[in-house]
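Reading the structure
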Amino acid sequence: MKKVLAFVLSLAMVFAMVACGGNTTTTNNGGTTNNGGAATDDGSASGDGLNIAVLYYNYSDAFISNVRNEMDAKWEELGITFNNQDGNTNAGTQLDQVNTAIANGVNALVVNAVEASADETTQAIVDAAKNANIPVIFFNREVSNDVINSYDKAAFVGTDPAEAGHMQGELIGNYLLENYDAVDLNGDGVISYVMFKGQENNPEAEYRTQFAVEDANAILTEAGKPALAYYDSAAATQYLVDPNGSWSSAAAQDYMTTVLSAYSEANGNMVELVIANNDDMGLGAITALETAGYNTGAEGSTTIPVFTVDGLQAIVDAINAGKATGAVGQSASGLAEAVATLLQNYQETGDLMSNTEGMNVDADVAKIRVPYTTVG
């Protein structure tokens, strides 16, 4: 009798632990699940809630981490069941995650594509969603119009890739006009710069790289100043790329440390301007500059102007401390809000793009643009 009673008590304890364990779990492949909402047996959207898979290109990206926090909060607020997955910059891994999520019965996909510029990869994701008859919303990393237009339940939420480059170029050009002599450390009348691009063939990286320099040069030359000069005149390309495609602070720090070993005030060829296509790379460059005695924020110390894109708190703090100069900010909360709006539209009407009249929507494709801001 005692053995039977002990067994019953053990079962009761197990059920109590399950009941009190909360709604969030971690999957074996590194994803997180929150059972905040409900899904129908056939995996389609219902009035009771949505069951979505949210796939990120890389959890370690600082801006994406911020987006993930905003999205998690939004799903919980709306009672949406969600499963987060880290693609870890591997397109094959992400496609496997898409197929697994569909097999597990999700009724919507939200995708931050690993290889956004590779149509065959993003098309495979769209085709998987189309075969399952569920919507797919790409975000942050630009997907081609052809891919989005191939399925009436596909959409994209992000920024205008060129806008950040134009805004950064304007920030840089105007700053240099106001501080030209102080920035021109060797007094040769030309400002030398280093550009941290991030990732090859990524639309955001491409346009930021192009227009940050072009627009700054337009402002300088109109005022009678020479155009910017890349620090290494013999370089085949006028930018440095993260070899892992991760836009990381570590890559920028390594590059900047190497650059400073040959390009210095002592040699009369010091890099006089840093342009980084995201905050992380800018912060990595600042770390290397600090090690070399620059950008310490201390009174009287020399600061090499550093301009970035993202505008997260870490770069705001660096600007306030006198270690960075300016940034173009993009809104993680704005992305999350727009994606949530499309999901709610689909849930209520079956059409992702219904009720988007007040949003910045492209003319011939289901793409919504979230505007940038300036920081510093």
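These numbers were taken from a predicted model, which means no experiment stands behind them. (Residues numbered from 1 in each chain as written. Predicted model: local features only at pLDDT ≥ 70, side-chain atom pairs only at ≥ 80, totals over all residues. Heavy atoms only, no water.)

**What to know about the packing of aromatic side chains**
Note the following rule: The rule is short: rings of Phe, Tyr and Trp, with Trp giving its six-membered ring, pair when the centres are within 6.5 Å, and they are stacked under 30 degrees, edge-to-face over 60, tilted in between. Each helix is a run of H or I in the DSSP string that is no shorter than four residues. Each strand is a run of E no shorter than two, and both are numbered from the N terminus. Each residue is assigned to one of three classes by its accessible area relative to the maximum for its type, calculated with a 1.4 Å probe on protein chains only: buried under 20%, partly exposed between the two thresholds, exposed over 50%. A ring is scored as having a charge over it whenever the NZ atom of a lysine or the CZ atom of an arginine sits within 6 Å of its centre and within 35 degrees of its normal.
Taken as a whole and assessed by the stated rule, the structure comprises eight aromatic pairs. Considering the side-chain rings of Y175 and F307, the 5.7 Å spacing of their centres and the 70° angle between planes classify their relative orientation as edge-to-face. With Y175 in helix α6 (residues 161–183) and F307 in strand β12 (residues 306–310), this residue pair connects regions lying 132 residues apart in the sequence. Judged by its relative accessible area of 26%, Y175 is partly exposed. On the numbers, 5.8 Å between centres and 0° between planes, the contact of Y207 with F211 is stacked. Within this pair, Y207 and its partner F211 are both found in helix α7 (residues 203–222), separated by four residues, close to a single helical turn. By the ring-pair criterion, three or more aromatic residues cluster together here, those being Y193, Y230, Y231 and Y263. Residue placement shows K225 over the ring face of Y180; its charged tip is 4.5 Å from the ring centre.

**Focus on the pattern of salt bridges**
Selection criterion: Put simply, a salt bridge is a Lys or Arg side-chain nitrogen that is within 4 Å of an Asp or Glu carboxyl oxygen.
Counted by the stated rule, this structure contains eight salt bridges. With a closest N to O distance of 3.6 Å, E77 and K74 form a salt bridge. One end of the pair is E77 and the other is K74, both in helix α2 (residues 62–78) and three residues apart, which spans about a single turn. For E77, a relative accessible area of 57% translates into the label exposed. Here D362 ties to R369 by a salt bridge, and the two come within 2.9 Å at their closest N and O atoms. The exposure class of R369 is buried, given its relative accessible area of 12%. Salt bridges sharing partners connect three or more residues here, namely E142, D362, K367 and R369.

**Thoughts on the confidence of the model for the protein**
Short version of the rule: pLDDT: the predictor's confidence for each residue, scored from 0 to 100. Pairs of residues are marked as contacts when any of their non-hydrogen atoms sit within 4.5 Å.
Within the protein, residue pLDDT values average 88, and 87% of them lie at 70 or more. Segment residues 1–30 is flagged for pLDDT under 50; beyond a separation of four residues in sequence, or across chains, it makes 16 contacts in the model. Predicted confidence is poor over residues 36–47, with pLDDT under 50, and the contacts of this stretch with residues over four places away or in other chains come to 27 contacts.

**Quick notes on unusual backbone geometry**
Backbone geometry at W247 places phi at a positive 55°, although glycine is not the residue there. Positionally, W247 belongs in the loop between β10 (240–241) and α8 (249–262). On the basis of relative accessible area, W247 is assigned to the buried category, the value being 6%.

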